[in-house]
Amino acid sequence: MGFLKFFGGGGGSKIQKLTGKVTEPYMQTAERQRCMQLLADEGSEDALFGLMQRFTFRTEASIVDHDEKQMAYELLVSKGTAAIPAIERFVTVHDAVYWPLKALKDIGGLEAAVALLMRALDAASKKDTRVNEHKVQLVSNLRDFPHPQVQAKLAELVTDPNEDVRIMAIDGLATYGPEVALEPMAQRILDPDESPRVKTILYEQLIDFGWSLEPWRPAIEETGALPEHYRIGAGGKLERA
């Protein structure tokens, strides 16, 4: 669905103009913020969808960029449940989902944010594209929403065909602790088809965490799964050789 299709009539034209200014990275900061406020004041689903376009790009000044995104997030939260339809629409079609999901969690609670994440991720997984950045970004945000459904999804995604998704899934699963994350991490190490990039990230994570691979030591040593510059030391902890 094209962006212009979201708008219609005179009101739509006004929203389009305001959104155009909000998405102009070289616009004066004060003017861009004024337009953000006007969209929030208008308050319709289309206007709030337009406001969220501010999340889709970065300005050269990182402080300004963060402050404006924080402002857009706070404007969304201030609209309460009226913002939910626009947030749901945005998250299903855009990669920049961090701030909208954060707003939804504040408005509707963790369950609402997780439910939207699961729906958006299921839809993104069906996209038959060589580079699925939408899916990658959704998975990268799963770690911020601790929940049994999220944990189960992350465990499923550690074997995803997309390398970036696997990395994000492993990173997210690690937030649940060694009881949850160690088994799938060890299986990635033991998988001969796993990429060197993923394995290297795993090695460094395990060293940082200080988690023990003792239960998997025999299999790892027997298969020679570790490269020569890593070894399993005392207590099963991975270390650099």
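Chains are numbered independently. Their residues run from 1 in the order of the written sequence. This being a predicted model, a pLDDT of at least 70 is required before a residue's local features are given, and a value of 80 or more before pairs of side-chain atoms are given or counted; all residues contribute to the totals for chains, interfaces and linings. Side-chain metrics in this entry use all non-hydrogen atoms of the structure; hydrogen atoms and water are not considered.

K.L.:
Can you walk me through the overall build of the protein chain in this structure?
P.N.:
Secondary structure elements are taken from DSSP: a helix is a run of H or I of four residues or more, a strand is a run of E of two residues or more, and numbering for both begins at the N terminus. Looking only at helices and strands, the protein chain features 13 helices and two strands. In terms of overall dimensions, the protein chain has a C-alpha envelope of 70 × 35 × 30 Å along the principal axes. With 241 residues in all, the protein chain has 45% of them scored as buried. Any two residues whose heavy atoms approach within 4.5 Å at even a single point are treated as in contact. For the protein chain, the proportion of contacts with a sequence separation of at least 24, taken over those separated by at least 6, is 58%. Accessibility here uses a 1.4 Å probe with only protein chains present; expressed as a share of the type maximum, an area under 20% marks a residue as buried, one over 50% as exposed, and anything in between as partly exposed.

K.L.:
In this structure, what is going on with the packing of aromatic side chains? I would like to understand it.
P.N.:
The relation between two aromatic rings is expressed through the spacing of the ring centres and the mutual angle of the planes. In summary, the pairing rule links any two rings of Phe, Tyr or Trp, Trp by its six-membered ring, whose centres are within 6.5 Å, and it sorts them by plane angle into stacked for under 30 degrees, edge-to-face for over 60 and tilted for everything else. One pass over the full model with this rule turns up six aromatic pairs. A centroid spacing of 5.6 Å and a plane angle of 50 degrees characterise the contact between Tyr 73 and Trp 99, whose relative ring orientation is tilted. Pair noted here: Tyr 73 is in helix 4 (residues 62–78) and Trp 99 is in helix 6 (residues 98–108), with a separation of 26 residues, a long-range link. Trp 99 shares its class with Tyr 73; the two are buried.

K.L.:
Would you mind going over the environment of Ser 44 with me for this structure?
P.N.:
Along the chain, Ser 44 falls in the loop between helix 2 (29–42) and helix 3 (45–51). Engagement of the side chain of Ser 44 in a polar contact is seen with the backbone nitrogen of Ala 47, the distance being 3.1 Å. As used in this structure description, the phrase polar contact means that two N or O atoms lie within 3.5 Å; if the pair is within protein, one of them must be able to donate a hydrogen and the other to accept it, and residues adjacent in sequence are counted only when both atoms belong to side chains.

K.L.:
I'm lost on the pattern of salt bridges in this one. Help?
P.N.:
Two side chains with opposite charge may pair up if their charged atoms get near one another. Salt-bridge detection follows one rule: a side-chain nitrogen of Lys or Arg within 4 Å of a carboxyl oxygen of Asp or Glu. Enumeration according to the criterion identifies 22 salt bridges in this entry. A salt bridge links Arg 119 to Glu 88; the nearest nitrogen and oxygen atoms lie 3.4 Å apart. In this pair, Arg 119 sits in helix 7 (residues 110–125) while Glu 88 sits in helix 5 (residues 84–93), placing the two residues 31 residues apart along the sequence. Take Glu 88: its relative accessible area is 31%, and that puts it in the partly exposed class. One continuous salt-bridge network, built from bridges that share partners, spans Arg 32, Arg 54, Asp 65, Glu 68 and Lys 69.

K.L.:
What's the story with the layout of surface pockets in this structure? I'm lost.
P.N.:
If a probe as big as a water molecule is rolled over the atoms, it shows which places are left empty. The rule is simple: put a 1 Å grid over the protein atoms alone, call a set of points where a 1.4 Å probe fits but cannot get out a cavity, call an open set with protein on both sides within 12 Å along at least five of seven lines a pocket, and count a residue as lining if it has an atom within 4 Å of a point. Grid points are joined across faces, edges and corners, and a volume is the space filled by probe spheres set on the points. Estimates place the volume of the largest pocket at around 400 Å³. Every residue lining the largest pocket is counted, 18 residues in all, and those nearest its centre are Phe 55, Arg 58, Lys 69, Tyr 98 and Trp 99. Those elements that provide at least two residues to the lining of the largest pocket are helix 4, helix 6 and helix 8 (133–141). Here the element with the most residues in the lining of the largest pocket is helix 4; it accounts for four residues.

K.L.:
When you look at the confidence of the model for the protein chain in this model, what are you seeing that I'm missing?
P.N.:
The predicted coordinates should not be examined in detail at positions where pLDDT is low. Known as pLDDT, the predictor's confidence for each residue is given on a scale from 0 to 100. Chain-level statistics for the protein chain give a pLDDT mean of 93 and a share of 94% at 70 or above. Below pLDDT 50 for its whole length, residues 1–10 participates in twelve contacts with residues either more than four positions away or in separate chains.

K.L.:
Please explain the packing of helix 4 against helix 6 as it appears in this structure.
P.N.:
Geometry of a packed helix pair, given as the angle between the helix axes and the separation of the axes. Between the N-to-C directions of two axes lies an angle of 0 to 180 degrees, each axis being a line fitted to C-alpha atoms and, for a helix, fitted only over the stretch in contact. The interhelical angle for the contact between helix 4 and helix 6, taken along N-to-C directions, is 35 degrees, at an axis separation of 9 Å. In this structure, helix 4 crosses over helix 6, and the sense of that crossing is right-handed. Judged by residue contacts, His 66, Lys 69, Gln 70, Tyr 73, Leu 76 and Val 77 of helix 4 engage Trp 99, Lys 102, Ala 103, Asp 106 and Ile 107 from helix 6. Under the convention adopted here, Pro, Cys and the residues Ala, Val, Leu, Ile, Met, Phe, Trp and Tyr are nonpolar, Asp, Glu, Lys and Arg are charged, and Gly plus all remaining residues are polar. Here the contact of helix 4 with helix 6 is built from residues that sort into six nonpolar, two polar and three charged. The crossing is said to be left-handed when, going from far helix to near helix, the turn is anticlockwise and less than a right angle, and right-handed when the turn is clockwise.

K.L.:
Looking at this structure, I do not really get helix 2. What am I missing?
P.N.:
Since one α-helical turn is 3.6 residues long, residues separated by three or four positions face the same way. The first and last C-alpha atoms of helix 2 sit 20 Å apart over 14 residues, in line with the 20 Å expected at 1.5 Å per residue. When helix 2 is considered as a whole, its buried residues turn out to be Arg 32, Cys 35, Met 36, Leu 39 and Ala 40. Projection of helix 2 onto a plane perpendicular to its axis shows the buried side chains occupying an angular sector of 140 degrees, all on one side. Those residues of helix 2 that are exposed and aimed more than 90 degrees away from the buried face are Ala 30 and Asp 41. By definition here, a helix of n residues has an expected span of 1.5 Å times n minus one. Summarising the geometry, the arc corresponds to the directions from the helix axis toward the C-beta atoms.

K.L.:
It is not clear to me how the side chain of Asn 141 should be interpreted in this structure. Could you clarify?
P.N.:
Along the chain, Asn 141 falls in helix 8. Polar contacts involving the side chain of Asn 141 include one to the main-chain carbonyl oxygen of Gln 137, which spans 2.7 Å.

K.L.:
Would you mind going over helix 8 with me for this structure?
P.N.:
Of all nine residues making up helix 8, seven are buried, and the element is well covered by its neighbours. When we look at burial in helix 8, the residues that qualify are His 134, Lys 135, Val 136, Leu 138, Val 139, Ser 140 and Asn 141. Lining the buried residues of helix 8 we find helix 5, helix 6, helix 7, helix 9 (148–157) and helix 10 (163–174).

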